[in-house]
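Structural description and commentary
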Amino acid sequence: MTMPVGRVVCDITISADGYAAGLDQTEQRPFGDDGGDGSGAGLHAWMFETPDENRAEIDRLNTAGAFIMGRNMFGPVRGEWDRPWNGWWGGDPPFHAPVFVLTHHAREPQPMDGGTTYHFVTDGIASALAQARAAAGDDDVTVLGGATTLNQYLAAGLIDELRLHIVPLTLGAGTRLFEGVPPLRLEQVTSRAASRVTHLTYRVLP
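Residues numbered from 1 in each chain as written. Predicted model: local features only at pLDDT ≥ 70, side-chain atom pairs only at ≥ 80, totals over all residues. Heavy atoms only, no water.

**Considering the packing of aromatic side chains**
The condition that has to hold: Ring geometry is summarised as follows: Phe, Tyr and Trp rings, the Trp one being its six-membered ring, pair when their centres sit within 6.5 Å, and such pairs are stacked at plane angles under 30 degrees, edge-to-face over 60 and tilted between the two. The secondary structure listing takes helices from DSSP runs of H or I that are at least 4 residues long and strands from runs of E that are at least 2 residues long, numbered from the N terminus. Each residue is placed in one exposure class: buried if its accessible area under a 1.4 Å probe, protein chains only, is under 20% of its type's maximum, exposed if it is over 50%, and partly exposed if it falls in between.
All told, the structure shown has seven aromatic pairs when counted by the stated rule. Aromatic side chains Trp-81 and Phe-120 sit 5.3 Å apart centroid to centroid with 65 degrees between the ring planes, which places their arrangement in the edge-to-face category. Highlighted residues: Trp-81 in the loop between α3 (71-74) and β4 (98-102) and Phe-120 in strand β6 (residues 117-121), separated in sequence by 39 residues. Each member of the pair, Trp-81 as well as Phe-120, carries the same accessibility label: buried. Three or more aromatic residues joined by ring pairs form one cluster here, namely Phe-74, Trp-81, Tyr-118 and Phe-120.

Below is the structure:
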């Protein structure tokens, strides 16, 4: 039996002081106190205001064979699934692959247009990764976030590659990448600066 050869990568935008979102996140302000209206527009201006500068990184975002995200990234519904919610991305999400959503509350898989199906995993990060690896085959698995989910995978030693998009603003507080993560040994693979962002890729060494 051959083992999958795909990597487990993370891909996340953070402020210069390491935050992926600010404090006081709500449905109306999903990125909380992010220095703007809470929509994450400042954090993600590199994607939406200067896409031509960052085409390679944008195109790479959704090339994995499967994705993992936390419940908070999937949406604002907390506790039991008391209303329909199929993510922030509309009826045809950009993933076009299986997406495994970490949650404490069971829910049947939700197929969407374009090849995305959301699967809801209630038995932890290792189970979600095993399911994502099986779905991805030899392709990569991308852990999209948020930062709390990525920190769990980093702390467990399950990430092979970090793709960080660091933007020139600080938030001061919020949900921070590397919070509670033991020291890591990293090897720089690539770095590229654009007007609104610096793209860094690190290999996580054993």
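**Some details on the pattern of salt bridges**
Applied cut-off: A pairing counts as a salt bridge when a side-chain nitrogen of Lys or Arg comes within 4 Å of a carboxyl oxygen of Asp or Glu.
Applying the stated criterion across every chain yields a total of 11 salt bridges. Between Glu-187 and Arg-203 there is a salt bridge whose closest N-O contact spans 3.1 Å. You can see Glu-187 sitting in strand β10 (residues 185-193) and its partner Arg-203 sitting in strand β11 (residues 198-205), a full 16 residues away along the chain. Taking relative accessible area as the criterion, Glu-187 reaches 35% and is therefore assigned partly exposed. Arg-203 gets classed as partly exposed once you look at its relative accessible area, which sits at 35%. One network of salt bridges, in which partners are shared, links Arg-7, Asp-140, Glu-161 and Arg-163.

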